[in-house]
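Reading the structure
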Amino acid sequence: TTVVADYNRRFAERSGVRRLDDDEADQVKAAFTAYLDTVPDDKKEGVVMFDVLDVVGREGFGIGSAGLPTYNVLIEGFSQALDNDVVLSLKQGNVAAPSRVVQDEEIAGFFRHHGHRTALSQRALQAHADRFLGWTELPGHDGAPTGFVVSELSPYEADLDWAAIDEPEQMIEVVGQLGQATAKIHCVDDDDAERDLVEVSVEQVVTDCVGDDVDGLVRDLTEFAHRYAGQVREDHALFVDAFRSGAFAEVAPA
């Protein structure tokens, strides 16, 4: 995502990258400065210089972020060595799906915006949350402050080459591995979460309910997974039928 020119690293000119005018670049840099206050002190010590080297706009990426405003910020790494620089993403926080049906004023009022909610939720739900995780604000389309979540773009991530997986036994093996990885990432208690909102330890409540009946827990989760999968198939069939019958006024069936 970057190139080195005249002994300085900057973002490469590539598809999906947008150079910013001075005003927009200044807004992003100001938002980045405000974000620094949301990073816990123990995450800052001896880690990085936080000097901004370059800023660009990006097309929305990631699940649920397609089409949302996104920026990348290149910052000085652990030293002035070029290979230690760090790339951060600023993504507009998306609306939490449960909030569309669960109307709770206490929950809605606890978070400043969806960027704030996303960052705190990730810290609570992930065993090793991103050390750069935080939040900030940028002007939205209407000029009003809009929440953004800030996180590191890991240099170690790579997409899986799905083209090589075309047999059922291969799919089953990969899905099993992905399931284990997902479970391990979320294998964490919530004791480090914001206890002002959730005053109990969810892990302890679940442990008390399950007791020694681990087999019962596995059975209940398995049954739930199958019911959920069946509901997804039914929802998809209803959507396809509605689409083909012209139920969506803005989109004509092909």
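This is a predicted model, so every value here is computed, not measured.

Re the overall build of the protein chain
Of regular secondary structure, the protein chain possesses 7 helices and 8 strands. In the protein chain, which comprises 254 residues, the proportion classed as buried is 27%. Restricting to contacts in the protein chain with at least 6 residues of sequence separation, those with at least 24 account for 51%. Just so you have it, the protein chain exposes about 17600 Å², and 53% of that area is on carbon and sulfur atoms.

Examining helix α1 (residues 22-35)
In a regular helix each residue adds 1.5 Å, so 14 residues correspond to 20 Å; α1 covers 20 Å between its end C-alpha atoms and thus fits that length. Turning to α1, its buried residues number three or more, namely Glu-24, Ala-25, Val-28, Ala-31, Phe-32 and Tyr-35. Down the axis of α1, the buried set is contained in an arc of 125°. They therefore lie on one face. Facing away from the buried side of α1 by more than 90 degrees, the exposed set consists of Asp-22 and Asp-23. Between a side-chain oxygen at the N-terminus of α1 and the backbone nitrogen of Asp-23 the separation is 3.2 Å; the capping residue is Asp-21.

A look at the sheet that holds strand β4 (residues 52-58)
Spatially, the 6 strands line up as an open sheet ordered β3-β4-β5-β6-β8-β7, and their pairing is antiparallel. The open sheet is flanked by β3 (17-18) and β7 (134-139), the only strands paired with a single partner. In terms of strand pairing, β4 meets strand β5 (residues 70-75) through 6 bridges, oriented antiparallel. From the neighbouring strand, Val-55 faces β5, where its bridge partner is Val-73. Lying on the sheet, helix α4 (residues 114-125) is in contact with β7 and β8 (145-152); it crosses β7 at an angle near 170°.

Brief notes about the packing of aromatic side chains
Counting across every chain of the model gives 7 aromatic pairs. Ring centres of Phe-32 and Tyr-35 lie 5.5 Å apart, and the angle between their planes is 40°; on these two criteria the pair is classed as tilted. Here Tyr-35 and Phe-32 lie together in helix α1, a separation of 3 residues that amounts to about one turn. Overall, the relative accessible area of 3% leaves Phe-32 in the buried class.

Comments concerning the confidence of the model for the protein chain
Chain-level pLDDT for the protein chain is 84 on average; 89% of the residues reach the 70-or-more range. Highest mean pLDDT in the protein chain belongs to helix α7 (residues 214-244) (95); lowest belongs to helix α2 (residues 41-44) (72).

Focus: unusual backbone geometry
Its identity is not glycine, yet Asp-6 carries a phi of approximately 55°, on the positive side. Structurally, Asp-6 can be placed in the loop between β1 (2-5) and β2 (8-11). With a phi close to 65°, Tyr-7 is a non-glycine residue in the positive phi region. Within the secondary structure, Tyr-7 sits in the loop between β1 and β2. Taking relative accessible area as the criterion, Tyr-7 reaches 75% and is therefore assigned exposed.

Rules used throughout
Residues numbered from 1 in each chain as written. Predicted model: local features only at pLDDT ≥ 70, side-chain atom pairs only at ≥ 80, totals over all residues. Heavy atoms only, no water. Helix = DSSP H or I, 4+ residues; strand = E, 2+ residues; numbered from the N terminus. Buried < 20%, exposed > 50% of the residue type's maximum accessible area, 1.4 Å probe, protein only. Contact = heavy atoms within 4.5 Å. Areas by Shrake-Rupley, 256 points an atom, 1.4 Å probe, with all protein chains shown as cover. Expected span 1.5 Å × (residues − 1). Arc of directions from axis to C-beta. Polar contact = N/O pair within 3.5 Å; in protein donor to acceptor, adjacent residues only side chain to side chain. Pairing = 2+ DSSP bridges. Axes fitted to C-alpha atoms, helices over the stretch in contact; angles between N-to-C directions. Phe/Tyr/Trp six-rings, centres within 6.5 Å; stacked < 30°, edge-to-face > 60°. pLDDT = per-residue confidence, 0-100.

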